[in-house]
Amino acid sequence: MNNNQKTVFSGVQPSGNLTIGNYLGAIKNFSRFSGEYKTFYSVVDMHAITVRQIPADLRRRTYETLALYIACGLDEEKNTLFVQSHVKEHAELGWILDCYTMFGELSRMTQFKDKSAKNAQNINAGLFTYPALMAADILLYQTDVVPVGIDQKQHLELARDVAMRFNQIYSDTFTIPEGYMNPDTMKIMSLSDPTAKMSKSDPNQNSVVYILDSKDDIIRKFKKAVTDSESEVRYAEDKPGVSNLMTIYKAFTGKSFEEIENEFRGSGYGDFKLAVGEACADGLSHVREEFQRLIADKAHLEAIMKRGADEARYYANKTMSKVRRKIGFIG
Ligand code: AQP
């Protein structure tokens, strides 16, 4: 890494099949940093266990998420791709940062409140301290930029606050990270409730379009998408369903909202929904093909994970020796 090269870190939890929200809000933006930046992209399995997972599913999805990173355009030679739990320094710094993160700060996190409501039987300490582990993920690599969807903004702000607090106590230790949110796609909404975020753990399969859904399934889901009682394709705050579909269509076709409004003037929602479904399915077809090729070769994925973890560990250790020394640990 040359000394002036900026660093990018981001991650996705292997907590379900990845959605077009994960794709448009996060992964698709990752590759824009490849080459010019030193990029670390992690499959954050330690975050996934804050919600109960079936072990075999977690293992399978960890391979799948890595394969999807590559299928979505992340060149394994140009990016450090790794599994979070393979680099133990994440757990170590996560614990240390727990001790510099306030109870009151964690209590204000909206994701904790949402996930506690959804998992009332399992409101564990990890779910509560999740943002301190996320701060560790980012700060370990002296990260400058974190590409994420808007739902992670609050966690990112906490990571910045924790880094500043630590730096103030012990002198400069961590780079203060900035978020990168794609203004066009930072929040893709559920197809059945366009006031809620599209989420991979949503039990309603019709709310969510998965990156690996077949073309037929994608089109069927868009046909069922909730819109409104009008028939006008127009981007407006009081038309969240139509506006969400326009956002998705724009992301896959590159057309502006004005062009989309003109294209469907007078034609009603049926044609529009079909066009969105087709654009989305066609836009993802290459990803699906690449994924099938990659997932068939587990040994290759394991080699990438290992190489990525070895490289990530090297940088993580540099930060950890600084942190250990500053807080008064021996060795
Ligand atoms: N709907 C979305 N629109 C835009 N961006 C999104 N992201 C997630 N959903 C959307 C972004 O994807 C990245 C990875 O997300 P994550 O795996 O860390 O978990 P999450 O944010 O909690 O996403 P999900 O899909 O809702 O997962 P579950 O259901 O397991 O909680 C992040 O950058 C996120 O912003």
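What counts, and at which threshold
- Residues numbered from 1 in each chain as written.
- Predicted model: local features only at pLDDT ≥ 70, side-chain atom pairs only at ≥ 80, totals over all residues.
- Heavy atoms only, no water.
- Salt bridge = Lys/Arg side-chain N within 4 Å of Asp/Glu carboxyl O.
- Helix = DSSP H or I, 4+ residues; strand = E, 2+ residues; numbered from the N terminus.
- Buried < 20%, exposed > 50% of the residue type's maximum accessible area, 1.4 Å probe, protein only.
- Near = heavy atom within 4 Å.
- Polar contact = N/O pair within 3.5 Å; in protein donor to acceptor, adjacent residues only side chain to side chain.
- Nonpolar A, V, L, I, M, F, W, Y, C, P; charged D, E, K, R; others polar.
- Contact = heavy atoms within 4.5 Å.
- Right-handed = clockwise from strand over helix to strand, strands pointing away.
- Pairing = 2+ DSSP bridges.
- Phe/Tyr/Trp six-rings, centres within 6.5 Å; stacked < 30°, edge-to-face > 60°.
- Lys NZ or Arg CZ within 6 Å of the ring centre and 35° of its normal.
- Core = buried A, V, L, I, M, F, W, Y, C linked by side-chain atoms within 4.5 Å.

J.: If you had to explain the pattern of salt bridges to someone new, which residues and values would you point to?
T.: One pass over the structure, following the stated rule, counts 21 salt bridges. A salt bridge links Arg220 to Asp217; the nearest nitrogen and oxygen atoms lie 3.2 Å apart. A residue pair is termed a helical-turn pair when its members lie 3 or 4 positions apart in one helix, as Arg220 and Asp217 do in helix 9 (residues 215–224) at three residues. Judged by relative accessible area, Arg220 falls into the partly exposed class, the value being 36%. Asp217 sits in the partly exposed class, given a relative accessible area of 29%. With a shortest N-O distance of 3.6 Å, Arg234 and Glu230 are connected by a salt bridge. Taken together, the shared-partner salt bridges in this structure form one network comprising Asp228, Glu230, Glu232, Arg234 and Lys239.

J.: Can you explain the site of the ligand? Please cite residues and give values.
T.: Taken together, 23 residues surround the ligand, and among them Lys115, Asp151, Ser199, Lys200 and Ser201 come closest. In the model, an oxygen atom of the ligand is placed 2.9 Å from a nitrogen or oxygen of the Gln13 main chain. Met198 places a main-chain nitrogen or oxygen 2.9 Å from a nitrogen atom of the ligand. When residues of the shell around the ligand are traced back to their parent elements, those giving at least two are strand 1 (7–12), helix 1 (20–30) and helix 6 (110–118). Grouping the amino acids of the shell around the ligand by side-chain chemistry returns six nonpolar, twelve polar and five charged.

J.: Please set out the side chain of Thr143 residue by residue, giving values where relevant.
T.: Mapped onto the elements, Thr143 comes out in the loop between helix 7 (125–139) and strand 4 (145–147). At 2.7 Å, the side chain of Thr143 forms a polar contact with the backbone oxygen of Ile138. In contact with Thr143, not counting residues within four places along its chain, are Thr7, Val8, Phe9, Ile138, Thr175, Ile176 and Pro177.

J.: For helix 1, give the residues involved together with the corresponding values.
T.: Within helix 1, ten of the eleven residues are buried, which leaves it mostly tucked inside the rest of the structure. Along helix 1, the positions that sit buried rather than exposed are Ile20, Gly21, Asn22, Tyr23, Leu24, Gly25, Ala26, Ile27, Asn29 and Phe30. Regarding helix 1, its N-cap is Thr19, as a side-chain oxygen of that residue lies 2.9 Å from the backbone nitrogen of Gly21 further along.

J.: Hey, could you go over the pairing of strand 2 (residues 38–43) for me, with residue numbers and the actual values?
T.: With six of six residues buried, strand 2 is to be regarded as a mostly interior element. Here strand 2 shows no split at all, with Lys38, Phe40 and Ser42 on one side and Thr39, Tyr41 and Val43 on the other all buried. As for the winding sense of the linkage, the β-α-β connection from strand 1 through helix 1 to strand 2 is right-handed. As paired elements, strand 2 and strand 3 (residues 80–83) share four bridges and run parallel to each other. When the bridges of strand 3 are listed, Tyr41 appears paired with Leu81.

J.: So what's going on with the environment of Leu24? Which residues, and what values?
T.: For Leu24, the position within the fold is in helix 1. Taking the relative accessible area as the measure of exposure, Leu24 reaches 2% and is therefore buried. Each C-alpha atom of the pair Leu24 and Glu263 lies 23 Å from the other, and the pair is 239 residues apart in sequence. Leave out the neighbours within four places in its chain, and Leu24 touches Asn29, Thr185, Ile188, Ala251 and Phe252.

J.: How would you summarise the pairing of strand 1 if you had to cite specific residues and measurements?
T.: Among the six residues in strand 1, five count as buried, and that is most of the element. Examined bridge by bridge, strand 1 and strand 2 share six bridges and lie parallel to one another. Within strand 2, the position partnered with Gly11 by the bridge is Ser42.

J.: Would you mind going over the packing of aromatic side chains in detail, with residue names and values included?
T.: Taken as a whole and judged by the stated rule, the model has 20 aromatic pairs. With centroids separated by 6.0 Å and ring planes inclined at 70°, the aromatic side chains of Tyr100 and Tyr170 adopt a geometry described as edge-to-face. On the criterion of sequence distance, the pair formed by Tyr100 in the loop between helix 4 (89–98) and helix 5 (103–107) and Tyr170 in helix 8 (residues 153–170) is long-range, its members being 70 residues apart. Accessibility expressed as a relative area gives 14% for Tyr100, which makes it buried. The exposure class assigned to Tyr170 is partly exposed, which follows from its relative accessible area of 22%. By way of ring pairs, the aromatic residues Phe9, Phe40, Phe82, Tyr141, Tyr314 and Tyr315 are connected into one cluster. Lying across the ring of Phe40, Lys38 places its NZ or CZ 5.3 Å from the centre. Directly above the aromatic system of Phe257 lies the positively charged group of Lys250, at a separation of 4.7 Å from the ring centroid.

J.: So what's going on with the nonpolar core? Which residues, and what values?
T.: Counting 59 residues, the largest nonpolar core has Tyr69, Phe222, Phe272 and Leu284 as the members making the most contacts within it. A per-element tally of this core places helix 12 (residues 268–295) first, with eleven residues. Counting 38 residues, the second largest nonpolar core, distinct from the first, contains Leu97, Ala135, Val148 and Phe174.

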